[in-house]
Amino acid sequence: MTSTPNAAQPSITEQQAELRARLPFDDTQDFEDAPRGLVARRVPSAVTAEDGRVVWDNDTYAFLKGEAPDTVNPSLWRQSQLVAEQGLFEVVEGIYQVRGLDLSNVTFIEGTTGVIVIDPLISTETAAAALALYREHRGERPVTGVLYTHSHVDHFGGVKGVTTQEDVDAGRVPVIAPEGFTEHAVAENVYAGTAMGRRAAYMYGAALARGPQGQVGAGLGQTASTGTVTLVPPTLIITTTGQEETVDGVRMVFQMAPNTEAPAELLIHFPDFRALCTAEDATHTLHNLLTLRGAVVRDPHVWSHAITETIDLFGDETDVVFASHHWPTWGQERAIAFLETQRDLYGYLHDQSLRLINKGWTGSEIAEHLQLPPALESSWNTHGYYGSVSHNLKAIYQRYMGWFDGNPAHLWQHPPVEAGKRYVEFMGGADAVVTKARGSFDAGDYRWAAEVLSHVVFAEPGHSAARALLADTLEQLGYGAENGTWRNFFLSGATELRDGQFGTPTVTAAPDIIANLSPAMLFDALAIQIDGPKAWDEKLSVDVQLTDVDERYRVRLTNGVLTYSSASQKTAADVTLTGTVPALAHLAVTGLTPEGLEQAGIEVEGDASALGRLTSVLDPGDLDFAIVTP
């Protein structure tokens, strides 16, 4: 049974009215730029998988018309209207983008004989649909190259929708990527992939109904497609800024930008088109320094300096800036102003955070106090639709200072359940807390109501009144949020409190990604799954002989820790596995069972029971773990 959303409370309605009056809604330049160059739309928008399942449907956002309702922050409504623009667009003659067919954009650069594809979306289905839309209006040009700007799945997952492994292996389609791409792309989706995937379900509102009281977008794009994720490893690695490559007659000059929006990222200038692709380093929003799904904290200092370098390298030779999200910016003067604003945005947050850190301020204090300068605040592209000033400031604090704020009272706090029990007892019991929280809710103090009600839910998960009021509270916080991912998190929490957990709709640890695990990464992935206490008394060793690369590893399990070494060994292992690197990676899918080993083509010598003992202490992640309840 699906619950029915509530209306906006008076305090939220008043907030929305104040924002409509204060923000520069008379600046309509973005509404001129977003549809500019439209060639055609995909009608209908829906994209299906082979089994008939709908993996993308931009038509579900048709309600984004007119003035924002009170249940949506008017600034986020504006951004969602812009991002929902769907179709094939001409950036300049010879450069086309398909937007609105996934979380990200795919770009087509026309060459001498075919087309180079930049960032082929998340899913093969959406990427194939985008390529079909391009070819319908630009001719049956073959794909002559693929380029990944960075290591996030929405920029490579659909690659097998635009090319094949066979064409790449045959040298017909080079695949270009920045140094470190494969390692980071695989690690992000495997090591903490289960937890990140579950939280991404909240972040992108994948299970929420589309509509003014549900999911309206994620700020960066509308949401993530749910099709087949693939990966073709790069064949041409970009290592240095200024490196120039020509593919199918298209000249490209690269700028390396590692540790900005992604650990492996690059920007591309196309001198013959006077066009600059900024990947995800300059978009029409404040980006995340620490994404809500989880990731390593990004470096705003490096990010700001990278954009300065971009301007210095390419500003005088650029008439249009386009990115892997949102819409382009045309005209040299406007393009440079856009880049400067984005640069100053990250630089200001970084420098001012450190100024206040050195005065003793904590992350939460900085987040409540620090505001952007009026000149930055007045630019729509600095607004926190995807990242946010509040969370980015806390991320900067975390990057430099860690989780501890220096107050010894916070050095050894109780975990949520035990803290919840004590808070509830101190405040007079669960019923009393809910009564007091109802007063806070009615007064519009939703932040406090959410905090105290969460304590009740963690202390007494079955307290129906607390769950219901917490759901109502999170819903109002969602209605008021300018940030698309904040809204999705709040409304997803409300949905799970009311209707139960919805799991992980999009799983990015796909077979193609797992197949690109190096031996060391595979062993690391196994080590993460060891149930330490269960394995305390277990001791075993496995030798892995790789015939295609002439490498041998000793894998040991002792003291609840799985370690590995490529050094020569003086003693024999309990069991030896012999096979190729791809066969070893395949074990991440099939498992270490006899059937899995046979399917992977792995030979086994020695005591095969050691593998069973190893398997027995593996504890894989949970795709449906609790978030808003204990």
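Residues numbered from 1 in each chain as written. Predicted model: local features only at pLDDT ≥ 70, side-chain atom pairs only at ≥ 80, totals over all residues. Heavy atoms only, no water.

A. Here's a closer look at the packing of aromatic side chains. Per the stated rule, a full pass over the model turns up 18 aromatic pairs. Taken together, a centroid distance of 6.3 Å and an interplanar angle of 40° make the contact between Tyr61 and Phe63 tilted. Residue class for Tyr61 comes out buried when judged on its relative accessible area of 4%. Relative to Phe404, the ring of Trp403 lies with its centre 5.5 Å away and its plane at 50°, an arrangement referred to as tilted. Here Trp403 falls in the exposed class, since its relative accessible area comes to 65%. Under the relative-accessibility criterion, Phe404 is labelled partly exposed at 26%. (Phe/Tyr/Trp six-rings, centres within 6.5 Å; stacked < 30°, edge-to-face > 60°. Buried < 20%, exposed > 50% of the residue type's maximum accessible area, 1.4 Å probe, protein only.)

B. How the structure looks around the pattern of salt bridges. Counted according to the given criterion, the structure contains 30 salt bridges. In this structure, Arg138 and Glu110 form a salt bridge, with 2.8 Å as the shortest nitrogen-oxygen distance. Of the two residues, Arg138 sits in helix 4 (residues 124–138) while Glu110 sits in strand 6 (residues 106–110), which places them 28 residues apart along the sequence. Judged by relative accessible area, Arg138 falls into the partly exposed class, the value being 27%. Overall, the relative accessible area of 11% leaves Glu110 in the buried class. By sharing partners, the salt bridges in this structure join Arg20, Glu67 and Asp70 into a single network. (Salt bridge = Lys/Arg side-chain N within 4 Å of Asp/Glu carboxyl O. Helix = DSSP H or I, 4+ residues; strand = E, 2+ residues; numbered from the N terminus.)

C. Expanded view of the nonpolar core. Counting 80 residues, the largest nonpolar core has Phe108 and Tyr148 as its most contacted members. It is helix 4 that contributes the most residues to this core, 6 residues altogether. (Core = buried A, V, L, I, M, F, W, Y, C linked by side-chain atoms within 4.5 Å.)

D. Up close: a nonpolar patch on the surface. A surface patch of nonpolar side chains, amounting to about 520 Å² of accessible area, comprises Trp403, Leu411 and Trp412. Looking at where Trp403 falls in the secondary structure, it is placed in the loop between helix 12 (389–401) and helix 13 (416–426). (Patch = residues over 30% accessible without salt bridge, like charges linked within 9 Å, V, L, I, M, F, W, Y side chains within 5 Å. Areas by Shrake-Rupley, 256 points an atom, 1.4 Å probe, with all protein chains shown as cover.)

E. Region of interest: unusual backbone geometry. Put simply, Val43 and Pro44 share a cis peptide bond, and its omega is -10°. Not every positive phi belongs to a glycine, and Arg274 is a case in point at roughly 50°. In this structure, Arg274 sits in the loop between strand 13 (266–270) and strand 14 (275–277). At Asp550, a residue that is not glycine, the phi angle is positive and equals roughly 55°. Residue placement: Asp550 occurs in the loop between strand 17 (540–546) and strand 18 (551–558). In this structure Asp550 comes out as exposed when scored by relative accessible area, which is 67%.

F. Structural detail: helix 7 (residues 193–203). Summarising burial for helix 7: 8 of the 11 residues are buried, a large majority. Of the positions making up helix 7, those classed as buried are Gly193, Met196, Gly197, Arg198, Ala200, Ala201, Tyr202 and Met203. Buried residues along helix 7 sit against helix 6 (181–190) and helix 17 (484–499). Downstream of helix 7 by one or two residues, Gly205 has phi in the positive range, about 60°. (Contact = heavy atoms within 4.5 Å.)

G. Region of the structure containing the sheet that holds strand 7 (residues 115–118). A sheet is described by the order of its strands in space; here 8 strands give the open sequence 1-4-5-6-7-8-9-10, paired in mixed fashion. Every other strand in the sheet has two partners, leaving strand 1 (38–40) and strand 10 (236–238) as the edge strands with one partner each. Put simply, the sheet's adjacent strands are angled 25° from each other on average, direction ignored. One ladder, built from 4 bridges, connects strand 6 with strand 7; its direction is antiparallel. For Phe108, the partnering residue across the bridge sits in strand 7 and is Val117. (Pairing = 2+ DSSP bridges. Axes fitted to C-alpha atoms, helices over the stretch in contact; angles between N-to-C directions.)

Just geometry here; none of it tells us what the structure is for.
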